[in-house]
Amino acid sequence: MDADTACDLLVWSWVQTLEEDGPEVVVMDLDNGSLLNEGREDSGWDSPNVRCGHEGDTMCMMSYYSTKDIKKGEELLCDYREFAFLDSWPAMGL
């Protein structure tokens with residue numbers, strides 16, 4: 001694999017657990033989640049309309065649900081911070 005491709009793959013990766021009390025693992029989003037763009041409830045962002053997991057779930061199990069009615073052609077947005085452990089890269093040795 002060339003360096004540019006490896007870099008692109010890391011951009012789309014994050015750290016999370018995949019099961020209750022499971023180990024932290026590096027996840028690369030190559031499923032339908034890769035079609036979601038970043039949304040946030042912060043100023044300057046569009047609000048998310050998709051979440052990973054049902055309301056009240058404690059983990060993201062790669063199942064995505066709308067948080068409101070989504071019209072045809074509307075952008076799909078999620079807040080990746082809800083399921084990525086952003087400060088866990090050092091624990092993975094990266």
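First things first, this report covers the structure right here in the doc. Since the structure is predicted, the reported quantities are computational estimates derived from the model, not experimental observations.

Parameters and conventions
- Residues numbered from 1 in each chain as written.
- Predicted model: local features only at pLDDT ≥ 70, side-chain atom pairs only at ≥ 80, totals over all residues.
- Heavy atoms only, no water.
- Buried < 20%, exposed > 50% of the residue type's maximum accessible area, 1.4 Å probe, protein only.
- Helix = DSSP H or I, 4+ residues; strand = E, 2+ residues; numbered from the N terminus.
- Pairing = 2+ DSSP bridges.
- Patch = residues over 30% accessible without salt bridge, like charges linked within 9 Å, V, L, I, M, F, W, Y side chains within 5 Å.
- Areas by Shrake-Rupley, 256 points an atom, 1.4 Å probe, with all protein chains shown as cover.
- Salt bridge = Lys/Arg side-chain N within 4 Å of Asp/Glu carboxyl O.
- Polar contact = N/O pair within 3.5 Å; in protein donor to acceptor, adjacent residues only side chain to side chain.

**Considerations on the pairing of strand S1 (residues 13–17)**
Among the five residues that make up S1, five are buried, leaving the element largely enclosed by the rest of the structure. Here S1 shows two buried faces, one formed by Ser 13, Val 15 and Thr 17 and the other by Trp 14 and Gln 16. As paired elements, S1 and strand S2 (residues 24–28) share five bridges and run antiparallel to each other. Each bridged residue has a counterpart across the sheet, and for Ser 13 the counterpart in S2 is Met 28. Counting the residues that bridge the hairpin from S1 to S2 gives six residues, and of these Asp 21 lies at a positive phi of roughly 55°.

**Section: a nonpolar patch on the surface**
The grouping of Val 11, Trp 12, Met 28 and Leu 30 at the surface amounts to a nonpolar patch, some 450 Å² of accessible area in total. Locating Met 28 in the fold gives a position in strand S2.

**Here we look at the side chain of Gln 16**
Examined against the element boundaries, Gln 16 turns out to sit in strand S1. Of the residues examined, Gln 16 reaches a relative accessible area of 1% and is grouped as buried. A polar side-chain atom of Gln 16 sits 2.5 Å from a polar atom in the side chain of Trp 14.

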